[in-house]
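Architecture at a glance
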Amino acid sequence: MKLIIAAIKPFKLEEVREALTGIGVRGMMVTEIKGFGSQSGHTEIYRGAEYAVNFVPKVKLEIVVADAMAEQVVDTIAKTAKTDKIGDGKIFVLDVEGAVRVRTGETNDDAV
């Protein structure tokens, strides 16, 4: 199994969710986060004063899938979340040693 962690622009969340559902992803965890990378933040003017915004709002997706499906999930996220502008996000893929569905006790692939 693989854990796919993706940080994307918030306005792309629903479009990415629909695309993932369309390829058979049955669940994901979503967290609102802030961060920076190449984008490095920006400045905004509030009540006449200029402020540095060092952390940019993002959405973090966490999805566990079978090994065979991981590449398709990564490709789907990358294509759907892409805007061709700086700050589109990052995708990480990690190995998962095990999983348990709490309600039924199913383990590993059956739990996902």
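Preceding block: the structure.
Scope of this entry: the structure provided in the associated data block. Since the model is a prediction, treat every value here as computed from it, not as a measurement.

Reading the values: rules and limits
- Residues numbered from 1 in each chain as written.
- Predicted model: local features only at pLDDT ≥ 70, side-chain atom pairs only at ≥ 80, totals over all residues.
- Heavy atoms only, no water.
- Helix = DSSP H or I, 4+ residues; strand = E, 2+ residues; numbered from the N terminus.
- Buried < 20%, exposed > 50% of the residue type's maximum accessible area, 1.4 Å probe, protein only.
- Salt bridge = Lys/Arg side-chain N within 4 Å of Asp/Glu carboxyl O.
- Axes fitted to C-alpha atoms, helices over the stretch in contact; angles between N-to-C directions.
- Left-handed = near helix turned anticlockwise from the far one by under 90°.
- Contact = heavy atoms within 4.5 Å.
- Nonpolar A, V, L, I, M, F, W, Y, C, P; charged D, E, K, R; others polar.
- Pairing = 2+ DSSP bridges.

Let's shift gears to unusual backbone geometry. Even without being a glycine, D84 presents a positive backbone phi close to 65°. One can find D84 in the loop between α2 (67-81) and β6 (89-95). Since its relative accessible area comes to 63%, D84 is described here as exposed. In this structure, N108 is a non-glycine residue whose phi angle is positive, near 50°.

Our focus in this paragraph is the environment of G37. Tracing the backbone through its elements, the reader meets G37 in the loop between β2 (29-35) and β3 (42-46). For the pair G37 and T83, spaced 46 residues apart in the sequence, the C-alpha separation amounts to 16 Å.

Considering all chains together, one arrives at 6 salt bridges under this definition. Its salt-bridge partner being E15, residue K12 comes within 3.2 Å of it at the nearest N-O pair. In this structure K12 comes out as buried when scored by relative accessible area, which is 9%. A salt bridge links E106 to R101, with the shortest nitrogen-to-oxygen separation between them at 2.8 Å. For R101, a relative accessible area of 24% corresponds to the partly exposed category.

Another aspect to go through is the packing of helix α1 (residues 13-22) against α2. Two quantities define a packed helix pair, namely the angle between the axes and the distance from one axis to the other. Look at α1 against α2: their axes get within 9 Å of each other, and the N-to-C directions meet at 145°. The two elements α1 and α2 cross, and the hand of that crossing is right-handed. From α1, E15, V16, A19 and L20 reach across to α2, where they touch V73, T76, I77, T80 and A81. When the residues that make up the contact of α1 with α2 are grouped by side-chain class, the tally is 6 nonpolar, 2 polar and 1 charged.

Remark on secondary structure: sheet strands pair via backbone hydrogen bonds, oriented parallel or antiparallel. Read across the sheet, 4 strands follow the order β2-β5-β1-β6 without closing on themselves; strand pairing throughout is antiparallel. Bordering the open sheet on either side are β2 and β6, each of which pairs with just one other strand. For this sheet, the mean inter-axis angle between neighbouring strands, taken without regard to orientation, is 20°. Contacts between α1 and the sheet are confined to β1 (2-8), β2 and β5 (56-65), with β5 contributing the most and set at about 10° to the helix. Its contacts with the sheet put α2 on β1, β5 and β6, and the angle it makes with β1 is roughly 5°.

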